[in-house]
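One letter stands for each residue in the lines below.
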Amino acid sequence: MKNKSFLYKGLAVTMLTGLSFSNIACSDSYLDDVKNSGSFNTDLYFQNEQQSFSALVSVYDILRKYSGGFENTVTFFNAGSDDFFSGGGNSNDGAGIQGLNNYTINPNTMPASYWKDYYQGIARANLLIEKVPGATMGEDVKKRFIAEAKVLRSLYYFELLRMFGNIPIVLKTIQFGEDYWNIPQAKPADVYAQIENDMVAAIPDLMMTASGNDRGRITQGTARAILGKIYLYDKKMPQAAAQFAEVNGTPGGTSQYGYKLVANYADLFKVGPETADPYKFSTESILEVMHTNKGNSDWGFWGQGKDEGNSINVMVGPRSYSLTNVPSNNAPDIYSGWAFNTVTNDLYTFMQGDPRLNTTIFNAKQLVTDGKITYSPAFSDTGYFLQKYLPTNDLKSSLPGPAELNFRQNYIAIRLADTYLMEAEALGGSGGRAQALLDAVRARVGLTPVPVSLQAIKDERRRELAGEGHRWFDLVRWGDAPAKLASKGFVANKNEILPIPFNELPNTALKQNPGY
C-alpha cells in the first residue's frame, strides 16, 4: 500500500496532563517533539505511562468515525438502508452518501476515509503494541494498554471486513523503506481468525468494569460484546451466544459487568448538562463514542480526526427550521440542519403503534399542518426526520468554533438491548432464553411478549435500533438486502460489500472487489 494510511506521519497523539479519559479534549497541535509532518520519532516516545496513555488515546480517537465528520458511518449506512433516504440539499450533496442511497456508488465516489481512517487506527495500535513493552511503567498497566489496543485494532479490522470484504492484514509498523505496497489482501476467514484470537487473548488483561476517569475505555464486558458480534458475523453462533451471555446475564437484570437496560428508552438519546451529564455512560452503554464541544472543532480540520463534535446532529436536522408565532407552541426548538437521513414512509408505517415511535421519528409534516413550524424541504423530503440525534438550540455550544460542528451528544455504538437481540439471534431465535431476551427488550417500553422467532427478532431490531447505523449491516448479514433494497437499486452478489476507493489501487497488490 503506498498511501499514508499505513505510515506514521503526523501520528496524532495528545498530551493529557490533568485530563480524565472520559473528558478528553484533544489539542490542536502535535507533540512537542513533532517538528513537522513526518518527523515523529517513535524511539524518543513511549518512555513512560503518560506518553503511552496519550498514544492509546490516539487509537481510541478513530472510534469517532462512527459519528464524527461528514463521512461518519451512521448517516452513510442509514442512507443505504430501507429506513432512510440519503436526503441532503440535492442529489449531488455528498457523492458517497448519495451513491450508497441509490447503489450507483463506484471506486471514484466511494469516500476514501472509510479505508484510510480505520487503517490509521490499526497503524496506531500496531505502534503502541510494539513500543509499550519498553516503557517504564507497571507490567499490569502495560498489559492493559496492549489489550485495549488489540481490541480496538480487531474492531477496526472488523469494520473494514464488513464494509470491503477483501482487505490486507498489517500487524506491525511499516517503515518508509519497506515494500509496503505489495501487501496482498487476506482471505476473510484469515482476518476473522486473527481478530478473534487477538480478542480472546486480550480479555483477561482488561479491566472488569470502568468508572470515574476510566469511563469510555474498553473493559472485559466491552470486549466480549465486540467479540460476540464478530462471531455472529462469522456465523459462529454457539461462540457468539456464549460471549453475549457473559455480557447480558439474566435478561432484564444486572449483569456481572453492571449492564442493565435503562428504564426510560428516551433517556438513551438525551443530552444533559456539560458537566456531569447523567445520560452519558448509562448502565445500558457497552461501547460509547465520546463527543465534546471543548475541542472547538472548525471547518479547517472537520472530519480529519482532530474534530470532536458529533456530526450526526447537524446532518439530520431539517433545513431552515423555524417556529411559528402561534399560541402555546410546544414544538421543539431545533437548530437548522442539513436534512440528511430523511425517514422513509416504510419505516414510519412499520413503527405505528410502537412506544418508541416518537423517540425515533420527528414528524415535521404534522407540525407544519398544525401551523407550528416551517422548514425548507430538501432532497428526498418525506416530512419525517431522525429524532434520536436532532440538534436543539439549547445544546448549541457557547465555546469557539461553528455550532454545527460542536454538538456534544455521545454515540452509543453497542448497547445492551442490541446484545440481547444479537444473543437471541445467535440462539437461533428459539428456546426459553431467546424468548426471555426478546421479552426484556419489549417489556422495557411496555410491550407484551410475542413468540420468539428469527423474524420477531429482526422486527424488534428494526424498531429498537432504528437510525443507529445497524440496519444495513443486519440486512446484508441476514441475506435480506437484495429483496428489501431492490427498489433502491441493490444488486445481489455485488453490493453486499463496497468498492475499494480507487486511489488505494494503483501500483499495489490490491484487487478491486467484484462488480466494481
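Reading the values: the criteria
- Residues numbered from 1 in each chain as written.
- Predicted model: local features only at pLDDT ≥ 70, side-chain atom pairs only at ≥ 80, totals over all residues.
- Heavy atoms only, no water.
- UniProt positions renumbered as here; feature names shortened; annotations may be inferred.
- Domains from an automatic or database assignment.
- Contact = heavy atoms within 4.5 Å.
- Buried area = accessible area lost by both parts, 1.4 Å probe.
- pLDDT = per-residue confidence, 0-100.
- Buried < 20%, exposed > 50% of the residue type's maximum accessible area, 1.4 Å probe, protein only.
- Helix = DSSP H or I, 4+ residues; strand = E, 2+ residues; numbered from the N terminus.
- Pairing = 2+ DSSP bridges.
- Phe/Tyr/Trp six-rings, centres within 6.5 Å; stacked < 30°, edge-to-face > 60°.

- An unreviewed UniProt entry lists the protein chain under the name Carbohydrate-binding protein SusD, with Chryseobacterium kwangjuense as the source organism.
- Under the heading Subcellular location (unreviewed entry), UniProt records this for the protein chain: "Cell outer membrane".
- A UniProt comment under Sequence similarities (unreviewed entry) is attached to the protein chain, and it reads "Belongs to the SusD family."

A word on the domain arrangement of the protein chain
Now for step 1: In terms of domain boundaries, the protein chain breaks down into domain 1 (234-290 + 410-481) and domain 2 (311-398).
Now for step 2: The partner domain 2 presents 15 residues to the 18 residues of domain 1 that form the contact.
Now for step 3: Summed over both partners, the interface of domain 1 with domain 2 comes to about 1500 Å²; 61% of that surface belongs to carbon and sulfur atoms.
Now for step 4: When residues of domain 1 are sorted by the area they lose upon contact with domain 2, Phe269, Arg462 and Arg463 head the list and together hold 41% of the total.

Quick word on the confidence of the model for the protein chain
Now for step 1: Confidence along the protein chain averages 92 in pLDDT terms, with 91% of residues attaining 70 or more.
Now for step 2: Overall, residues 1-39 carries pLDDT values under 50, and its contacts beyond four positions in sequence, including any with other chains, amount to 113 contacts.

Side note on the pairing of strand E6 (residues 411-415)
Now for step 1: When you tally the buried positions in E6, you get 5 out of 5 residues, the bulk of the element.
Now for step 2: Two elements, strand E1 (residues 285-289) and E6, share 4 bridges in a ladder whose sense is antiparallel. Across the sheet, valine 289 pairs through a bridge with tyrosine 411, a residue of E6.

As for the packing of aromatic side chains
Two aromatic rings, taken as a pair, are described by how far apart their centres are and by the angle between their planes.
Now for step 1: Under the counting rule described, the total for this entry stands at 27 aromatic pairs.
Now for step 2: Ring geometry for tryptophan 115 and phenylalanine 164: centres 5.2 Å apart, planes at 70°, overall edge-to-face. Residue tryptophan 115 is found in helix H4 (residues 113-131), and its partner phenylalanine 164 is found in helix H5 (residues 139-164); the two are separated by 49 residues along the sequence.
Now for step 3: The class for tryptophan 115 is buried, based on a relative accessible area of 0%.
Now for step 4: By relative accessible area, phenylalanine 164 is classed as buried at 0%.
Now for step 5: Taking 6.2 Å as the distance between ring centres and 85° as the angle between the ring planes, the aromatic pair formed by phenylalanine 269 and tyrosine 389 counts as edge-to-face. Here phenylalanine 269, found in the loop between helix H8 (237-248) and E1, pairs with tyrosine 389, found in the loop between strand E5 (384-386) and E6; they are 120 residues apart in sequence, far enough to count as distant.

Remarks on the environment of lysine 458
Now for step 1: The residue lysine 458 is located in helix H15 (residues 454-464) in this model.
Now for step 2: Considered as a pair, lysine 458 and alanine 509 are 51 residues apart in the sequence and their alpha carbons are 39 Å apart.
Now for step 3: For lysine 458, the contacting residues outside a window of four places in its chain are Arg471, Trp478 and Asp480.

Digging into the side chain of threonine 360
Now for step 1: Within the element layout of this structure, threonine 360 appears in helix H11 (residues 357-360).
Now for step 2: Given the relative accessible area of 1%, threonine 360 is considered buried.
Now for step 3: Not counting residues up to four positions away in its chain, the partners in contact with threonine 360 are Tyr265, Met351, Phe385, Leu386, Gln387, Lys388, Arg463 and Ala466.

Focus: unusual backbone geometry
Now for step 1: With a phi close to 55°, phenylalanine 281 is a non-glycine residue in the positive phi region.
Now for step 2: The residue phenylalanine 281 is located in the loop between H8 and E1 in this model.
Now for step 3: Here the phi dihedral of asparagine 296 falls at roughly 50°; this positive angle occurs in a residue that is not glycine.
Now for step 4: Tracing the backbone shows asparagine 296 in the loop between E1 and helix H9 (311-316).
Now for step 5: Among the residues examined, asparagine 296 registers a relative accessible area of 29% and is labelled partly exposed.

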